[in-house]
Each structure stands twice: as C-alpha cells, then as structure tokens.
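So you can see what is in the structure, the chains are spelled out below.
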Amino acid sequence: MSLEDFHQNFRALVQSTIAERVQAGDGPFPQEELVFAELVMERVADAGICEPPTVCHWSGKIGQSKLRITGFALSSDETRLDLFVTHYFGSEEITPLPDSVAADTAKEGVRFLMHAAGGKLADKVETSHEILGLITTITANWPDLDQLRVFVITDGKTKAKHFSTKEVHDRIVAIEAMDIERLYRHTVGKPREEVSISFEQTIGRPLTCVHVPDPDADYEYALSAIPGQVIRRLYERFGSRLLEANVRTFLGARGKVNKGIAETLAREPEHFMAFNNGLVLVCDEAVFARGPDGNIGISFLKGIQIVNGGQTTSSIYFAARDNKALDLGNVMVPAKIIILKGAEDIERERLIAAISRFANSQNVVKTSDLSANRPFHVQLEKLANDTWCPDGIGRWFYERASGAYQVMLLRDGTTPAQRKKLTDAIPTRRKLSKNDIAKFHEAWRCRPAQVALAGEKNFAAFMTALDEDPSIVPDPLDAKWYKAMIAKVIIFKSLEAAIKTKDAKETFRQGYANIATYTISVVSDLIGHRIDFEQVWQRQRISPDFLHLLYKWAVEVNRIFDQAAPGRQISEVAKRPEIWAKVKAGTYPMPGDDVPELTR
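Rules used throughout
- Residues numbered from 1 in each chain as written.
- Predicted model: local features only at pLDDT ≥ 70, side-chain atom pairs only at ≥ 80, totals over all residues.
- Heavy atoms only, no water.
- Salt bridge = Lys/Arg side-chain N within 4 Å of Asp/Glu carboxyl O.
- Helix = DSSP H or I, 4+ residues; strand = E, 2+ residues; numbered from the N terminus.
- Buried < 20%, exposed > 50% of the residue type's maximum accessible area, 1.4 Å probe, protein only.
- Pairing = 2+ DSSP bridges.
- Axes fitted to C-alpha atoms, helices over the stretch in contact; angles between N-to-C directions.
- Patch = residues over 30% accessible without salt bridge, like charges linked within 9 Å, V, L, I, M, F, W, Y side chains within 5 Å.
- Areas by Shrake-Rupley, 256 points an atom, 1.4 Å probe, with all protein chains shown as cover.
- Left-handed = near helix turned anticlockwise from the far one by under 90°.
- Contact = heavy atoms within 4.5 Å.
- Nonpolar A, V, L, I, M, F, W, Y, C, P; charged D, E, K, R; others polar.
- Phe/Tyr/Trp six-rings, centres within 6.5 Å; stacked < 30°, edge-to-face > 60°.
- 1 Å grid on protein atoms, 1.4 Å probe; cavity = no way out; pocket = protein on both sides within 12 Å on 5 of 7 lines; lining within 4 Å.
- Points joined across faces, edges and corners; volume = space filled by probe spheres on them.
- Core = buried A, V, L, I, M, F, W, Y, C linked by side-chain atoms within 4.5 Å.
- Polar contact = N/O pair within 3.5 Å; in protein donor to acceptor, adjacent residues only side chain to side chain.
- pLDDT = per-residue confidence, 0-100.

Caption draft 1: Region of interest: the pattern of salt bridges. Tallied over the full model, the rule gives 23 salt bridges. With a shortest N-O distance of 3.7 Å, lysine 457 and glutamate 51 are connected by a salt bridge. Of the two residues, lysine 457 sits in helix H17 (residues 455-468) while glutamate 51 sits in the loop between helix H2 (32-46) and strand E1 (54-62), which places them 406 residues apart along the sequence. For lysine 457, a relative accessible area of 33% translates into the label partly exposed. Residue lysine 575 pairs with glutamate 572 through a salt bridge whose shortest N-O separation is 3.0 Å. For the pair lysine 575 and glutamate 572, a shared accessibility class is recorded, and that class is buried. Each of the salt bridges in this network shares a partner with another, and the network as a whole consists of Asp82, Arg149, Glu176 and Arg182.

This is the structure in structure tokens:
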C-alpha cells in the first residue's frame, strides 16, 4: 500500500464513518474534521504513543489570542498530558502543510495549556462544557505534570515531525506532528523507524561497544553499556513505543524486582551494572564509527525496540521522575544490541518475536504476553470471518493485527462498487480491535475500574486473567460464545450512543465511555443472567424499552460519580477500585415485564 493509497483509503474511512453515524442517528450531525481527528487519535493510542484519548473539541479567545484543542490524553497517574489540535484539509490529494503553519496550529494548543495552568481559563468556559473538567485538572495538577506534548494532527504532509519545544510556566512542552505520512507508518509502514538515537549528539561520542559482524547470518550484534541518563531520555521521549509491543510495560515500583532496581539506583548507582541483567535491544539499522580513543563504537541506531529489560527501562525513568535528587551520572546499563539484516519484513518480525520469546523465558513474562498469535485471537478472528449476521449479508470484523481492516478494504475493494459492497457488509461500527474486545469482555465481567485503565493496560490485564483462569472463555471459542459476545458489544454501544446524544448532554457532560462501562457492569451484576443474548444477536439491536432501562441506570451511575468526585475528570476517578463498590450500592429501578430481552 502506497502513501497515496493510504490517504485515499483513510479519507474514504472518514466518509463512511460519517454516513454510518448519520444513518444511525447517533448524536448531532458529525463534523468531518472531528471524525478524522477521532480516528487518528484512536490509531495514535493503538500505536502506544499516548494513553487512550478523549475527543473534546473546544475553541475560544483570550484577548487576541486564539485557543483550541480537539482532544486530550491524560495518564492514569495524572503526570503526563497530551493535547491534540487539528489542521484538516479534506482534500482528495495529499496537501503539503508548511512547518511554519503546523507550528502556528500547535500554538493554539500551547496557549490553551498556558492559560489553563495559570488558572485563567475556567471562568471563560461554560459550566456545562465537558472541557471544564480537563481545565480544572490541569490547574490543580500542574506541579505534578512532568511530560507535556501538543500534537498537530493533519491529513496533510509536514516536512518535520518534531518541532522546537515551548516553555509554559517552567514546564517544557514537546511539539509533534501526526501527519498522514506518520500515520501511514504506524498503520501499515514501519513505526519503529521513528525510534532512533544518535549517540554522538546525545553523549558527544560513539557508544563504545564490542561489534560482532556475521556476513552469513540474518543479524549481527554488539555488546555495550548504555548510560542510565540515555535510557531515561529514550523512555521519556518514546514511552511504550520503545518496548516490544506485546510485552507488558511498567508493573509498578512496589514489585520486588522493580523496588530493588529503584533502591540500587538510589543507594548504589555505581553497582547497577553489576547487579542488573541488562537489556536486549533489536534495531533495523546501526551506524558504527571510531571514537576519540580510536575504538569502534555505535554512532546511530534506528528502529529500536527493547525486547527484554522493559522493567529496567521504565524503572529507571520513573525512579528519576519521582526522586529529583537521584543522580544517574554513574549508572550504566549492560546491553546486547541485535541488528537485523533481513530484507523481508515478515522474516524480521518473526525473528523479533522469537528473540523476545527466548529473551524473556528466564523471568515471569509469559509467552502468552506475546499475544497476537495466541489461540484466543486466532479463533476469534476465524469466528468473525465465518459467522454472518442473521441477514446473511453482513458480518463483524476482528482486527487481530493493527490496520487489518484498512488492508482488507484496499485488497478487496479495488473499485468504488466493490468498496461500497464491503463497507455496507462490514461497516466501521462492526470493526473490533483486541483492545475493544478486552474492554467489552471485562466490563461484562464486572471489572470497570480495570477497563478504565483503557488500551494496552486493560488488554494486558485481560490476557493475564485468561492465563490465570482459562475457563472465563470456552476452549475452543465457539459460535454460541461469539454471538453472545457480539450481543454484549451491541448493548454496550447502544448505551454509549444514547448518553452521547445532544439531548443527553444536560445530564452526561463527560466520561461517556466510563459511565457506559460502569452501567454495563451493574447490568451484568444485577440482571446479566436474565438477558437473552441470542435475541440481541438475531436483531442486531436492542429494544427501546431495554435502552430506556439502561439509560435510567446510567443516570444513577453518573449521579454517583458527581457525588464521589465533583469537578474531577470522570475518566480518572473511574480508575479507582473503590468507586465500583459505591456504584454497586446505587439505587437501580428493577425492570418490569416490558423489556423483551429479559427472561422472567
């Protein structure tokens, strides 16, 4: 797939998403720019670049200064914040976006951040607007926000992807562009290409190493020791993208191993290299050069992934973040660097998976964490492909591999007529990612606080639950389970759409996904055993009476959140485990005999 094909495909996806929402009558008429932004932000989160985002459009002025954001992503510990601002062309061809214009667009988000941090923005916003919760959070948490980024998301093409940083109230704000080219790399290209480092720029010289070339192998490797400060900066810039995609990320500082790492950094940093097992990295490209002492060293690495040592990497970053007095100057981390040489992408990815599997075999990271090819996902993909909806025309799509839906449309929809036939049969509202399945499954399993962690964190918890208790799903998956799972998705989505409508905004001002999640968990807990999922599957929708019941229960859930943490972001409060007990204790009117989906 070329960049031009991807652009056309993504534009068609935006148009088809709009058409679906108009037909379904979900909320106000969808604006093309905001639908584009929503789809891009989903992919940015799927790529591990940010936490799961919230679409929240707001624009305004203070004096002559224009302020605007389209969405945001806040980490669960409220220390990392990303803001998104759009520059949308909506053109048939890829339009160049000059870097100066992209930088000006970013300033609108930077100004928003500056005025929110200074406490000057809250009284400029309507009290009913969902952005008010974010502004309040920024104002209250500004001293604790240590990683700030503003993304310009655009269907144009910029020359630069990273721009000069800005300083806002003694905080450094990184500026990045997520243009159509960068989005292409993260969907069907090589996103690892962005994860690179020049040691000559970072430490002023090549990184000393022992280089072991092998002209006959599909890889070569180097042994080295990387300064702890370099590891911290790499994680600060690239976050979870630096870590192999299917291995669990930071497990917290309370674990025995990670607590030991933090203690060594604080008490005996000079012994870190002796005590720590080090890292295993793979990369797509390495450049070697002679250092000032004449010895060989690594000048540049491109396409980096850390496939073993993720806990070491994240522990160094978080220990330095949480202890400002910590000096990483004497910390060196042993590293084995594997340079891939194969030309075939499939062979490279297979080698990376094998390296990751064997490198992690000595610790508690399970092979099941390398999850894309585990039986659950393979079986679910097959069921989705083989199980047609009752009308015999449409079906659902399980995106086991990121970007598979778009690849399918490009591969099989070679003409406008073929593409329309495909999108009619498999519209975007029927596309489910691995993270989607984890969200819906765990909401119905009454794990709403876990679901609120969102994205990869909830997915990792779901995979761990499967490892610990495989009986939570049938083995193998069967059509009955699959149809019930899709029925649960339909119920969840129907409720979420209802509380996002214009008429509902007087009651539900933010946190729609979290309100829906907690409500579904209440439904599962109280009346889940009475729901006829087969009926929902057959109709591919729910009755007005059932939706009315769900809505009334959602109102009660929303009331409890407002009472438990007034003025706070629901998306953050929902992550607290104690909230579930409060929600369960709410008052929910029991259904009568008028709900056809409920058995007596």
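Caption draft 2: Seen up close, the sheet that holds strand E6 (residues 171-178). Read from one edge of the open sheet, 6 strands run E1-E2-E3-E4-E6-E5, paired in mixed fashion. The sheet terminates laterally at E1 and strand E5 (162-168), the two strands that pair on one side only. Across the sheet, the mean angle from the axis of one strand to that of its neighbour is 30°, orientation sign disregarded. When E5 meets E6, the two strands line up antiparallel, connected through 5 bridges. Bridge pairing links phenylalanine 163 to isoleucine 175 in E6.

Caption draft 3: Examining a nonpolar patch on the surface more closely. On the surface, a cluster of nonpolar side chains totalling about 220 Å² of accessible area is made up of Val210, Val212 and Leu223. Mapped onto the secondary structure, valine 210 falls in strand E8 (residues 207-212).

Caption draft 4: Local environment of the packing of helix H19 (residues 512-527) against helix H21 (residues 544-564). Their axes nearest at 9 Å, the elements H19 and H21 cross at an angle of 115°. Two packed elements cross with a definite hand, and for H19 against H21 that hand is right-handed. Where H19 approaches H21, its residues Ile515, Tyr518, Thr519, Val522, Val523, Leu526 and Ile527 are matched on the opposing element by Leu549, Leu550, Trp553, Ala554, Val557, Asn558 and Phe561. Of the residues assigned to the contact of H19 with H21, the class counts are 12 nonpolar, 2 polar and no charged.

Caption draft 5: Inspection of the packing of aromatic side chains at higher detail. This structure, assessed with the given rule, holds 19 aromatic pairs. Taking 5.3 Å as the distance between ring centres and 15° as the angle between the ring planes, the aromatic pair formed by phenylalanine 84 and phenylalanine 151 counts as stacked. With phenylalanine 84 in strand E3 (residues 80-87) and phenylalanine 151 in strand E4 (residues 147-154), the pair connects residues that are 67 residues apart, well separated along the chain. Accessibility classification places phenylalanine 84 together with phenylalanine 151 in one group, the buried group. On the numbers, 5.1 Å between centres and 45° between planes, the contact of tyrosine 235 with tyrosine 317 is tilted. Of the two residues, tyrosine 235 is situated in helix H7 (residues 228-238) and tyrosine 317 in helix H10 (residues 310-322); the sequence distance between them amounts to 82 residues. Per residue, the accessibility class of tyrosine 235 equals that of tyrosine 317, and both read buried.

Caption draft 6: Layout of empty space enclosed by the protein. For the coordinates displayed, the defined rule picks out 2 cavities of 30 Å³ or more. The space that makes up the largest cavity amounts to roughly 50 Å³. Taken together, His7, Phe10, Arg11, Val14, Phe36, Tyr88, Asp155 and Ile180 make up the full set of residues lining the largest cavity. Looking at which element gives the most residues to the lining of the largest cavity, the answer is helix H1 (residues 3-24), with 4 residues. For the lining of the largest cavity, the class distribution of residues is 5 nonpolar, 1 polar and 2 charged. Of the voids in this model, the second largest cavity is the one considered here, and its volume is about 40 Å³.

Caption draft 7: Region of interest: the nonpolar core. By size, the foremost hydrophobic cluster in this structure holds 70 residues, and its most contacted members are Phe376, Trp396, Tyr482, Ile491, Tyr518, Phe561 and Val583. In terms of residues, this core owes the most to one element, helix H18 (residues 479-499), which gives 12 residues. When neighbours within four sequence positions are excluded, tyrosine 482 is seen to be in contact with Leu380, Leu383, Ala384, Thr387, Trp396 and Trp537. Formed by 33 residues, the second largest nonpolar core is a distinct cluster that contains Ile69, Leu97, Phe112 and Ile135.

Caption draft 8: Fine view of the side chain of lysine 575. Looking at where lysine 575 falls in the secondary structure, it is placed in the loop between helix H22 (570-573) and helix H23 (578-584). Within the structure, the side chain of lysine 575 is placed 3.0 Å from the side chain of glutamate 572, a separation counted as a polar contact. Among residues more than four places away in sequence, those in contact with lysine 575 are Leu74, Ser75, Ser76, Ala449, Ala452 and Leu453.

Caption draft 9: Region of the structure containing the confidence of the model for the protein chain. Confidence along the protein chain averages 85 in pLDDT terms, with 89% of residues attaining 70 or more. Of all helices and strands in the protein chain, the one with the weakest mean pLDDT is helix H11 (residues 345-359) (62), whereas helix H20 (residues 533-539) scores best (95). Predicted confidence is poor over residues 244-255, with pLDDT under 50, and the contacts of this stretch with residues over four places away or in other chains come to 37 contacts.

Caption draft 10: Highlighting the layout of surface pockets. Taken as a whole, the second largest pocket encloses approximately 840 Å³ of empty space. Along the walls of the second largest pocket sit 29 residues, with Thr165, Ala174, Arg233, Glu236 and Arg237 positioned nearest its centre. No other element matches H7, which puts 7 residues into the lining of the second largest pocket.

Caption draft 11: Layout of unusual backbone geometry. Following aspartate 475, the chain continues into proline 476 via a peptide bond in cis, with omega recorded as 0°. Structurally, the position occupied by proline 476 is in the loop between H17 and H18. You will see that aspartate 170, though not glycine, has its phi angle at about 70°, which is positive. Mapped onto the fold, aspartate 170 is located in the loop between E5 and E6. Notably, glutamine 540 is not glycine yet its phi reads approximately 60°, a positive angle. Among the structural elements, glutamine 540 can be located in the loop between H20 and H21.

Caption draft 12: Looking closely at H7. Regarding H7, the residues found buried are Gly228, Val230, Ile231, Arg232, Leu234, Tyr235 and Phe238. Tucked into the core, H7 has its buried residues touching strand E7 (196-198), helix H6 (199-202), strand E9 (219-227), strand E10 (279-283), H10 and strand E14 (332-340). Remark: glycine 239 follows H7 within two positions and exhibits a positive phi of approximately 55°.

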